[in-house]
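A look at the structure
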Amino acid sequence: MNKEKFRSVLTGAVAGCQKDLEQILNFYMPLIDKNSYVNGRLDEDLKQYLMIHIALQIGKFPV
Amino acid sequence: MNHQQESEKDELRARFTGWLEVTLYRAKLNYLKKQDRERKTIYVDVLPEELLVEENSEWKWLHRLTEQSGFDFKEEKLERAFGSMTRQRQRILTMLFVEEKTPEEIARQLGCSQQNVYKQRSEALIALRNMLERGGEGNE
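Residues numbered from 1 in each chain as written. Chains lettered and ligands numbered in written order. Predicted model: local features only at pLDDT ≥ 70, side-chain atom pairs only at ≥ 80, totals over all residues.

1. Quick look at the interface of chain B and chain A
Contact with chain B, which involves 14 residues of that partner, is made by 15 residues of chain A. Per-element accounting of the side of chain B that touches chain A gives the leading share, 12 residues, to helix H2 (residues 11–40) of chain B. Considered class by class, the residues forming the side of chain B that touches chain A number eight nonpolar, one polar and five charged. (Contact = placed C-beta atoms within 7 Å. Helix = DSSP H or I, 4+ residues; strand = E, 2+ residues; numbered from the N terminus. Nonpolar A, V, L, I, M, F, W, Y, C, P; charged D, E, K, R; others polar.)

2. Re the packing of helix H7 (residues 103–110) of chain B against helix H8 (residues 114–133) of chain B
All names here are of chain B. The contact between H7 and H8 brings their axes to 8 Å, and the two run at 110 degrees. Considering their axes alone, H7 and H8 lie roughly perpendicular with respect to each other. Each of Pro103, Glu104, Ile106 and Ala107 in H7 lies in contact with H8, whose residues at this interface are Gln114, Asn116, Val117 and Tyr118. For the contact of H7 with H8, a count of residues per class yields five nonpolar, two polar and one charged. (Axes fitted to C-alpha atoms, helices over the stretch in contact; angles between N-to-C directions. Parallel < 35°, antiparallel > 145°, perpendicular 65-115°, else oblique.)

3. Some thoughts on the nonpolar core
Formed by B:Ala81, B:Phe82, B:Met85, B:Ile92, B:Met95, B:Ile106, B:Ala107, B:Leu110, B:Cys112, B:Val117, B:Ala124 and B:Met131, the largest nonpolar core amounts to 12 residues. Elements represented by at least two residues in this core include exactly helix H5 (76–83), helix H6 (87–98), H7 and H8 of chain B. Filtering out sequence-adjacent residues up to four positions away, B:Val117 remains in contact with B:Ile92, B:Pro103, B:Ile106, B:Ala107 and B:Cys112. Of all hydrophobic cores here, the second largest spans 11 residues; its members include A:Ala13, A:Leu21, A:Ile24 and A:Leu50. (Core = buried A, V, L, I, M, F, W, Y, C linked by C-beta atoms within 7 Å. Buried ≥ 20, exposed ≤ 12 C-beta atoms within 10 Å, placed from the backbone.)

4. Side note on the confidence of the model for chain B
Scored by pLDDT, chain B has a mean of 74; 63% of the residues are at 70 or more. Summarising per-element confidence for chain B, the mean pLDDT is lowest in helix H4 (residues 57–66) of chain B (53) and highest in H2(B) (89). (pLDDT = per-residue confidence, 0-100.)

See below:
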């Protein structure tokens, strides 16, 4: 994803576009996965919680 | 190489990645704290009765925790009202007013929050008052 594409997708996600948000989530999935591990085990509930948290909080990011 | 240079210049992506890392880290901490709080507060009322009366050593601590103090009530009405309350509330009231323990000690002993002890006490007293007005009968 190049610079312009990233900017447009992020702007869309911040504005509330579901497709753009999905792209952002997919793009940052490794980071979400990394934070979803508890005591060396993947916590699926935590992963879902983090994804919902991003969806709720992304609107606050100043583009 | 060209791609690498391009991403190095992408200030927005770097800023967003940093923001996301912090947000995810904080969210994870909140989630784990919430889980920890929920795990510590076990309502005895939720457990099946047979677990509380079973003479299994594994559950003896729980039985001790919930057994009544066995003190005599002067008024039958009060005894009936007290008896119809949940075990958790009976235990909290006994510890507060008979054993004269502080809410902090009770919270530590029962493994719940101090806020929960205050809440249970206030609800138990209201329920007790209502039951006494009705003649000590009926569920809370």
